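# Residue-level structure breakdown
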Amino acid sequence: MIELYFLYQNAVLWGSQCLFSSAAHQRSAGDENNVDDSEDESGKTVTVRMLEMRASKLEEQVQDLTARYKKALADSDTVRRRTQKFVEDAKIFGIQSFCKDLVEVADMLAKSTDSVSEEELGDQNPTLKNLYDGLLLIQEQLHTVIGAGIGGTATAHFLRQHFGQDVEIHVYEKGKVGGRLATVTVNNQEYESGGSVIHSLNLHMQDFVKLLGLKYRKNFPRKTAVFNGEHFLLEETDWYLLDLFRLWWRYGISFIRLQMWVEEIMEKFMRIYKYQAHGYAFSTVDELLHSLGGSLFINMTRNSVSESLLELGVSQRFIDEVIAAVTRVNYGQSVSIPAFVGAVSLAGAQANLWAVEGGNKLVCSGLLKEAKANLIHAQVTSVSLVSVTPQKRGKVLPWSYTTEKEKGSAMYDIVIIATPLQEGMANITFENFEPPIPEVPGAYHHTVVSIVHGYLNCSYFGYPDPKLFPFTSILTTEAPALFFDSVGNVSPVNISKGFKKKQPQEAAIWKVFSPQPLERKDLKTLFKSYYSVQVTDWQAYPQYGSTKHLPSIVLHDNMYYLNSIEWAASAMEMSSVAAKNIALLAYHRWNRELEMIDQKEFIHKIKTEL
Ligand SMILES: CC(C)=CCC/C(C)=C/CC/C(C)=C/CSC[C@H](N)C(=O)O
């Protein structure tokens, strides 16, 4: 633009100089031809008159030239402005034509691949096959998921469902597929060591099991007691009415109030399936919860379960003896956890629970396969933003990863982080993001799971005769002397293979949850003798209360964080709900369908239909 402007100015100046020099030349020529210089009647000599005439002519010329010079200057300004606009238009046009070219190239690629028939792609023509595969790769969008637990694999599944077959999905996993859904083997039988129970109303988990042709495994009926470190406070019997009477005697109608509370929350939570079936997505966990249960749900993430239940009229004794026992077994934490996760925990203590025959982790491997995702065994160490592609194509996010053998990097269009980002866990650094990706606050809670093959020490619980000990599940209340949260008799993941439930006095497989690894003296206290102990130290779920805010789902234009939902409540179904939400959110944002995100009016209409 500046160069063009200077050229034009020089041309105008150069033209003016020519005009002036020709005037000077005319004058000298006139001087040379002057012969008659006699006076006229006004007393002026011919020379004077000629000079006057020339002067007036020159004056006219000067006026004419000044006018032309002014016009030239005005024209030059217009041309400058026009040139400027032209250059700007050229730039915009350049981008537009680049986008158009891209779309044309994409269309051409699609036409090229469509024109090749399956027969032509046979083994006889490897060059054509390679070319064809190469063209397909160029056409595909690349998505990636970090983490192959239930959240990551369910995301891969839903991404495939919404984006279709043309996208390529890479899933990075540094450990085993399944993540916190895992088993340990004792005497050739596998036992769940991580997330173990699913609610009968968890519809995504149910759908996965059906889709993958897996089988349900019903939980064996258990007989539960609550231990306070000295004796049992509550003991379940074979008599339902007797149990009810005892509950009423000890806690009044607290247990009925509690049951109604959990049912009401569960019913509201179930709205999510309808919203998701309509294709609606939420950009924050708060928006999602608000759409389900309004300010009640939002407050439930802020107030503790004990506060909420006290307000409801549940007795302090019931909270200390029953609610605490449930929050300890499910989340290793006290009744100060928020009410929402408290309610999920209580739903997880209901009778209608199930698991997956063969192990819950089979859902993860099945979903990966079903999504035709590429599993990459590598640890992602950093994610950095390199360039911005025009408009709809969003940002391109590459990252480095390390495997046992190599370091590498790759580029993706959409990135989903499905592993906890808390300090000391995923250890992913984010580079070149503007604004920078804020650190995700909060900590994860350590829970140690010990799978013990042995004989329970029933005397420790006040039952010297093991034959009279009827309990298969022992929960605990908050007591400083207690070194464990719960101990329960567990069945293998394959119960259909002729498995018979062991009696409590027999050597059996026990699962102990504790905040710290069990010491030898602890094992000696809990077990009369044992054959083996297998320990898994999980960073199992958030340390509730370690942050005030629920983390963001959207970390950047095309980068999402799945585990933010765990801060509302951590459970297999919660991760599945988050996975569906992120796939929908990513899809709508990619396609600029913003009316499908954080919808209020339509959701209100659907809510009233329920
Ligand atoms: C809002 C409510 C009351 C329920 C939402 C539905 C839901 C997510 C139910 C799950 C219940 C359940 C099986 C809980 C188990 S506790 C979580 C456990 N520690 C785990 O790791 O899975």
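Refer to the structure printed above.
This is a predicted model, so every value here is computed, not measured.

### Section: the sheet that holds strand β5 (residues 198–199)
Strands sit in the order β5-β9-β6 across an open sheet of three strands; the sheet is antiparallel. Because the sheet does not close on itself, it has two edges, and the strands there are β5 and β6 (216–218). Of the pairings in the sheet, the one linking β6 to strand β9 (residues 353–356) comprises three bridges and is antiparallel in character. When the sheet's bridge partners are listed, Arg-217 is paired in β9 with Ala-355. Across the face of the sheet, helix α5 (residues 203–211) comes into contact with β5, β6 and β9 while running at roughly 35° to β9.

### Section: the pattern of salt bridges
All chains considered together, the criterion is met by 11 salt bridges. Between Arg-217 and Glu-192 there is a salt bridge, with its nearest N and O atoms 4.0 Å apart. Pair noted here: Arg-217 is in strand β6 and Glu-192 is in strand β4 (residues 189–192), with a separation of 25 residues, a long-range link. Grouping residues by exposure puts Arg-217 and Glu-192 together as buried. The partner of Arg-317 in a salt bridge is Glu-321, with the nearest N and O atoms 3.6 Å apart. Residue Arg-317 and its partner Glu-321 are both found in helix α11 (residues 316–331); the two are separated by four residues, about one turn of the helix. Here the salt bridges do not stand alone but share partners, grouping Arg-250, Arg-317 and Glu-321 into one network.

### Examining the packing of helix α9 (residues 285–300) against helix α12 (residues 339–347)
Two numbers describe how α9 lies on α12: the axes approach to 9 Å, and their chain directions differ by 110°. As summarised for this structure, α9 and α12 are arranged roughly perpendicular, according to the angle between their axes. Between α9, through Leu-289, Phe-297 and Met-300, and α12, the contact on the second element is made entirely by Ala-339, Phe-340 and Ala-343. In terms of residue class, the contact of α9 with α12 is made up of six nonpolar, no polar and no charged.

The rules behind these values
- Residue positions are given per chain, counted from 1 along the sequence in the order it is written.
- Predicted model: local features are reported for residues with pLDDT of at least 70 only, side-chain atom pairs are reported and counted for 80 or more only, and whole-chain, interface and lining totals are derived from all residues.
- The side-chain quantities take in all heavy atoms of the structure and omit both hydrogens and water.
- Strands are labelled as partners when DSSP assigns at least two bridges between them.
- Put simply, DSSP H or I for four residues or longer makes a helix, DSSP E for two residues or longer makes a strand, and each gets a number counted from the N terminus.
- Here a residue-residue contact requires only that any non-hydrogen atoms of the pair lie within 4.5 Å.
- For helices, the fitted line uses only the C-alpha atoms of the stretch in contact; every axis is such a line through C-alpha atoms, and the angle between N-to-C directions lies from 0 to 180 degrees.
- Take a side-chain nitrogen of Lys or Arg and a carboxyl oxygen of Asp or Glu: if they are within 4 Å of each other, that pair is a salt bridge.
- Throughout, exposure labels follow a simple rule: accessible area from a 1.4 Å probe, protein chains only, divided by the maximum for the residue type, with under 20% read as buried, over 50% as exposed, and the rest as partly exposed.
- Geometric relationships in this document are graded by angle, where less than 35 degrees denotes roughly parallel, more than 145 denotes roughly antiparallel, 65 to 115 denotes roughly perpendicular, and other angles denote oblique.
- Under the grouping applied here, Gly and all other residues not named as nonpolar or charged are polar, the nonpolar ones being Ala, Val, Leu, Ile, Met, Phe, Trp, Tyr, Cys and Pro and the charged ones Asp, Glu, Lys and Arg.

Remember that the coordinates give geometry; whether it matters functionally is a separate question.
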